[in-house]
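# Structural overview
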Amino acid sequence: MSAVPGQTVGPFFHLGLEYPGMNELVPPSHPRAVRLHGRVLDGNGDPVPDAVLEIWQADPQGHIVREPGSLRRDGWTFTGWGRAATDPDGHYQFATLEPGATEPGRAPFFAVTVFARGLLDRLFTRAYLPDDTDALATDPLLDAIAPDRRSTLIATREPNGLVFDVRLQGEGETVFLTYPRLRDAWA
Amino acid sequence: MESSQADMNREIEAAAQQPGGPQPKIDYPPYRSSVLRHPKQPAHLIDPESVELWAPAFGHRDVADDEADLTIQHAGTPIGERIVVTGRVLDGDGRPVANQLVEVWQANAAGRYRHQRDQHPAPHDPNFTGVGRMLTGPDGTYRFQTIKPGPYPWRNHLNAWRPAHIHFSIFGSDFTQRLVTQMYFPGDPLFPLDPIYQSITDPKARELLIAQYDHDVTTPEWSTGYRWDIVLTGTHRTPLESDVEENA
Ligand SMILES: [Fe+2]
């Protein structure tokens with residue numbers, strides 16, 4: 001069957017996609033809350049003020065979460081999914097928990113989807129936690145990426161959390177991902 | 001030095017000479033805002049793993065039934081042509097995507113969004129917000145009632161107008177199936193002039209974005225009906241029967 005093509009999220013996505021608490025997978029006051037944040041930048045290095053990011057992640061124990069409630073958060077249930085729009089400086093932020101390894105020895109990551117006005121189709125990428133250097137060194141994806149681009153997939157640590165910038169184009173361009181069934185659908 | 005529609009038509013035609021296949025070309029200069037916002041490196045192909053093999057779960061606690069009716073969100077009735085839009089969300093192997101979230105947003109009948117950045121001097125409708133949410137049923141069916149949106153101008157080039165459309169956000173049963181797109185209405189004279197629609201250079205593929213008028217969805221003395229089925233890419237994980245129950 002032929003898959004339906006994507007189209008840009010456009011300039012007015014806030015109307016349809018924003019809702020209260022969308023970027024708070026846990027309340028920022030949660031004792032284990034971390035701030036995952038960064039900027040979305042264009043090919044000139046200028047901020048993209050009308051982008052929207054989604055993250056999808058395992059819980060801190062590495063379990064894949066099957067809980068509904070991402071749209072109406074109850075303050076207690078961790079759903080593993082959130083959405084954040086960029087502000088006029090191109091900055092986004094999430095309050096969340098750090099994902100755990102879903103298998104022993106694997107490097108934990110956030111799966112990230114990027115949409116923006118001017119971007120005709122969504123982009124996929126990963127934001128790895130920076131800490132487990134052994135797991136990062138043996139990660140099959142990172143291993144397959146040219147060394148000078150690997151860092152685009154790894155968040156950096158700061159006192160209260162993690163920084164992950166997305167460069168849509170040009171110097172330091174983020175590595176974006178595609179998957180076998182996408183390739184086959186559109187071969 | 002703003003381009004005219006005639007300039008745009010030439011650019012669209014030139015871009016169609018190098019077909020980009022059934023997906024939108026993300027490098028598509030006729031859509032001016034895309035120039036600095038698309039990656040130039042090819043996407044890296046990987047086998048999905050861990051969370052990428054799953055999609056977030058949504059349930060009835062997330063979405064109220066009346067969020068699928070965009071005509072009852074205010075004290076009065078919105079102005080315009082009342083329509084019902086329905087169809088099924090299917091994965092690339094034809095399996096229904098059950099219990100999954102569909103979000104829609106759109107302009108009102110006059111072509112105006114209820115959004116601060118929409119400066120089109122067409123009237124707002126105090127009785128229309130233009131936002132809906134719903135969950136697909138066990139057979140993947142979604143359905144919502146709304147007002148047919150109007151076409152609207154934008155500043156891509158001189159006298160640029162978007163064909164009437166409804167924005168859709170759809171989740172599949174794994175992360176890789178995530179889709180944001182736009183549904184169009186049959187026979188729109190703006191199709192050949194619109195660089196966003198034409199960024200899909202394969203005519204058969206872009207026609208997948210056009211709903212069909214369906215008289216069986218039309219109801220007497222009330223509304224006209226459109227049908228639009230949404231086929232996602234394939235899942236990388238064979239969905240289990242229990243997926244549906246888990247999500248319920
Ligand atoms: Fe639109």
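Only a predicted model underlies this, so the values are computations on that prediction, with no experimental measurement involved. (Residues numbered from 1 in each chain as written. Chains lettered and ligands numbered in written order. Predicted model: local features only at pLDDT ≥ 70, side-chain atom pairs only at ≥ 80, totals over all residues. Heavy atoms only, no water.)

## Focus on the overall build of chain A
- From N to C terminus, chain A includes five helices and ten strands.
- Its C-alpha radius of gyration of 16 Å places chain A within 12% of the 16 Å reference for a compact globule of 187 residues.
- Scored against the burial criterion, the 187 residues of chain A give a buried share of 58%.
- Pairs at least 24 apart in sequence give 69% of the contacts found in chain A among residues at least 6 apart.
- For chain A, the accessible surface area stands at approximately 7,200 Å², while carbon and sulfur atoms represent 50% of it.
- Within chain A, the 25 negative side-chain charges are centred at a point lying 4 Å from the centre of the 17 positive side-chain charges. (Helix = DSSP H or I, 4+ residues; strand = E, 2+ residues; numbered from the N terminus. Rg over C-alpha atoms; globule rule 2.2 N^0.38 Å. Buried < 20%, exposed > 50% of the residue type's maximum accessible area, 1.4 Å probe, protein only. Contact = heavy atoms within 4.5 Å. Areas by Shrake-Rupley, 256 points an atom, 1.4 Å probe, with all protein chains shown as cover. Lys, Arg positive; Asp, Glu negative; His and termini not counted. Charge placed at Lys NZ, Arg CZ, Asp CG, Glu CD.)

## Some words on the coordination of the iron ion
- On the protein side, the iron ion has Tyr113(B) (OH), Tyr152(B) (OH), His165(B) (NE2) and His167(B) (NE2) as donor atoms, found 1.9 to 2.2 Å from it.
- Geometry at the iron ion is irregular, judged from its four donor atoms and the angles of 90 to 158° they form at the metal. (Donors = N, O, S within 2.8 Å, 3.2 Å for Na, K, Ca; no water. Tetrahedral: all angles 85-135°; square planar, octahedral: opposite > 155°, others 65-115°.)

## Digging into the interface of chain A and chain B
- Contacts between the two partners involve 75 residues from chain A and, on the opposite side, 85 residues from chain B.
- In this assembly, chain A packs against chain B so that about 7,300 Å² is buried in total across both faces, 60% of it on carbon and sulfur atoms.
- When residues of chain A are sorted by the area they lose upon contact with chain B, Gln7(A), Phe12(A) and Arg66(A) head the list and together hold 12% of the total.
- Across the chain A-chain B interface, the total number found is ten salt bridges.
- We note a salt bridge from Arg181(A) to Asp93(B), for which the minimum N-O separation is 2.8 Å.
- Summed over the shared surface of chain A and chain B, the number is 38 residue pairs in polar contact (both at pLDDT 80 or more).
- Secondary structure elements with two or more residues in the side of chain A that touches chain B: α1 (13–17), β2 (51–56), β3 (81–85), β5 (109–116), β6 (123–128), α3 (140–144), β10 (177–178) and α5 (180–185) of chain A.
- Where β10(A) meets strand β1 (residues 44–45) of chain B, two bridges bridge the pair, whose relative direction is parallel. Across the sheet, Thr178(A) pairs through a bridge with Leu45(B), a residue of β1(B). (Buried area = accessible area lost by both parts, 1.4 Å probe. Salt bridge = Lys/Arg side-chain N within 4 Å of Asp/Glu carboxyl O. Polar contact = N/O pair within 3.5 Å; in protein donor to acceptor, adjacent residues only side chain to side chain. Pairing = 2+ DSSP bridges.)

## A closer look at unusual backbone geometry
Residue and element names in this part refer to chain B.
- Even without being a glycine, Ser-50 presents a positive backbone phi close to 40°.
- Structurally, the position occupied by Ser-50 is in the loop between β1 and β2 (82–90).
- Here the phi dihedral of Glu-221 falls at roughly 60°; this positive angle occurs in a residue that is not glycine.
- Residue placement: Glu-221 occurs in the loop between β10 (212–213) and β11 (224–227).

## Things to note about the UniProt feature "domain: Intradiol ring-cleavage dioxygenases" (unreviewed entry) in chain B
- What UniProt calls "domain: Intradiol ring-cleavage dioxygenases" (unreviewed entry) maps, in this numbering, to residues 85–113 of chain B.
- Here residues 85–113 of chain B is 0% helix and 41% strand, with 19 Å between the C-alpha atoms at its ends. (UniProt positions renumbered as here; feature names shortened; annotations may be inferred.)

## Comments concerning the sheet that holds strand β8 (residues 165–170) of chain B
Residue and element names in this part refer to chain B.
- Pairing is antiparallel in the open sheet, where four strands are placed in the order β4-β3-β8-β9. On the outer flanks of this sheet lie β4 (131–135) and β9 (179–184), each paired with one strand and no other. Strand after strand, the sheet turns through a mean of 20° between neighbouring axes, direction not considered.
- Of the strand pairs in this sheet, β8 and β9 are connected by six bridges, and their pairing is antiparallel. Residue pairing in the sheet places Ile-166 in a bridge with Met-183 of β9. (Axes fitted to C-alpha atoms, helices over the stretch in contact; angles between N-to-C directions.)

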